[in-house]
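Fold and geometry: a report
Each chain is listed here by its residues.
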Amino acid sequence: MARIKVVKAQIEGGKATNAPPLGPAIADAGLNISEVINEINKMTEAYKGQTVTVKLVIDLDTKKYDVFLELPTTTSLLLSMAKVSEPSGDPAHKKIGNISLEDVIKVALLKKTELNAKSLKSAVKIILGSARSIGLTVEGKDPKEVSVELDKGLYDEILKKYEGEWSKR
């Protein structure tokens, strides 16, 4: 029967180190610390400035391991983009910040694996809904208005710049 060790740690994207808890746990399992840390940093590079939960599942017999990421919530990513600490208690009347459509697209790209969207445009519309629900404006407008403009094709040029990134993730 395989002996498995699971190590969970919260790290800032791209900044895992050999300090506790990761370093000692990796060493105790007999793995190459720098190799594992480099892999974690490569996987979390896109989440710089965000706290990501990393789960390392190690087979102690074969010394094989898998790295799993628990991504930040959409809300925390949006709040970070807007540089605010918490959502509005009354999003319909109290706006807490403004972000660009490109910020919304970046969040959609980061959350692609968790979104039920077949296209980048659909994913952006989902994120716009989240932005509206926490009291953010996008491009100085209500996110619902931006969503209507998106359907009319007003932002197709911006979306085209990111289509390649959407399809390779």
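For the chain, the name recorded in an unreviewed UniProt entry is Large ribosomal subunit protein uL11, with Ignisphaera cupida as its organism. In its Sequence similarities (unreviewed entry) section, the UniProt record describing the chain reads: "Belongs to the universal ribosomal protein uL11 family." Turning to the chain, the UniProt annotation filed under Function (unreviewed entry) states: "Forms part of the ribosomal stalk which helps the ribosome interact with GTP-bound translation factors."

Within this structure's numbering, the places UniProt gives as "domain: Large ribosomal subunit protein uL11 N-terminal" (unreviewed entry) are residues 7-63. Within residues 7-63, the helical portion is 33% and the strand portion 26%, while the C-alpha atoms at the span's ends are 14 Å from each other.

A few words on the sheet that holds strand β2 (residues 51-59). Strand order in this open sheet of 3 strands is β1-β2-β3, and the pairing throughout is antiparallel. The two strands at the open ends of the sheet, each matched to only one other strand, are β1 (4-12) and β3 (64-70). Put simply, the sheet's adjacent strands are angled 20° from each other on average, direction ignored. Relative to β3, helix α2 (residues 33-44) is tilted by about 30°, and along the sheet it contacts β1, β2 and β3.

Quick look at the packing of aromatic side chains now. Aromatic ring pairs: the centre-centre distance and the angle between the two ring planes describe each pair. Tallied over the entire structure, the rule returns 0 aromatic pairs. Over the aromatic face of tryptophan 166 sits the side chain of lysine 112, whose NZ or CZ is 4.7 Å from the ring centroid.

To continue, consider helix α3 (residues 74-82). Residues Thr74, Leu77, Leu78, Leu79 and Ala82 constitute the buried set of α3. Two residues or fewer past α3, lysine 83 is found with a positive phi of approximately 60°.

Looking now at the UniProt feature "domain: Large ribosomal subunit protein uL11 C-terminal" (unreviewed entry) in the chain. Per the UniProt record, "domain: Large ribosomal subunit protein uL11 C-terminal" (unreviewed entry) is found at residues 72-138. Within residues 72-138, the helical portion is 49% and the strand portion 9%, while the C-alpha atoms at the span's ends are 20 Å from each other.

Before going further, it helps to spend a moment on unusual backbone geometry. The linkage connecting proline 20 with the following residue, proline 21, adopts the cis geometry, with an omega of 5°. Checked against the element boundaries, proline 21 lands in the loop between β1 and α1 (22-28). One non-glycine residue with positive phi stands out, namely lysine 83, at about 60°. Along the chain, lysine 83 falls in the loop between α3 and β4 (97-99). A positive phi is found at glutamate 139, a non-glycine position, where the angle reads about 55°. Judged by relative accessible area, which is 38%, glutamate 139 ranks as partly exposed.

Once that is clear, we can look at the packing of helix α5 (residues 120-133) against helix α7 (residues 156-168). Helices that pack against each other are described as a pair by the angle of their axes relative to one another and the distance between those axes. Between α5 and α7, the shortest axis-to-axis distance is 10 Å and the interhelical angle comes to 110°. In terms of orientation, α5 lies roughly perpendicular with respect to α7. Taken together, the residues of α7 that come into contact with α5 (itself represented by Leu120, Lys121, Ala123 and Val124) are Asp156, Leu159, Tyr162, Glu163 and Trp166. The class makeup of the residues in the contact of α5 with α7 is 6 nonpolar, no polar and 3 charged.

With respect to the element layout, threonine 44 can be found in helix α2. Accessibility expressed as a relative area gives 0% for threonine 44, which makes it buried. When residues no more than four places from it in sequence are discounted, the contact partners of threonine 44 are Ile11, Gly13, Gly14, Val52, Val54 and Leu69.

Criteria and cut-off values
- Residues numbered from 1 in each chain as written.
- Predicted model: local features only at pLDDT ≥ 70, side-chain atom pairs only at ≥ 80, totals over all residues.
- Heavy atoms only, no water.
- UniProt positions renumbered as here; feature names shortened; annotations may be inferred.
- Helix = DSSP H or I, 4+ residues; strand = E, 2+ residues; numbered from the N terminus.
- Pairing = 2+ DSSP bridges.
- Axes fitted to C-alpha atoms, helices over the stretch in contact; angles between N-to-C directions.
- Contact = heavy atoms within 4.5 Å.
- Phe/Tyr/Trp six-rings, centres within 6.5 Å; stacked < 30°, edge-to-face > 60°.
- Lys NZ or Arg CZ within 6 Å of the ring centre and 35° of its normal.
- Buried < 20%, exposed > 50% of the residue type's maximum accessible area, 1.4 Å probe, protein only.
- Parallel < 35°, antiparallel > 145°, perpendicular 65-115°, else oblique.
- Nonpolar A, V, L, I, M, F, W, Y, C, P; charged D, E, K, R; others polar.

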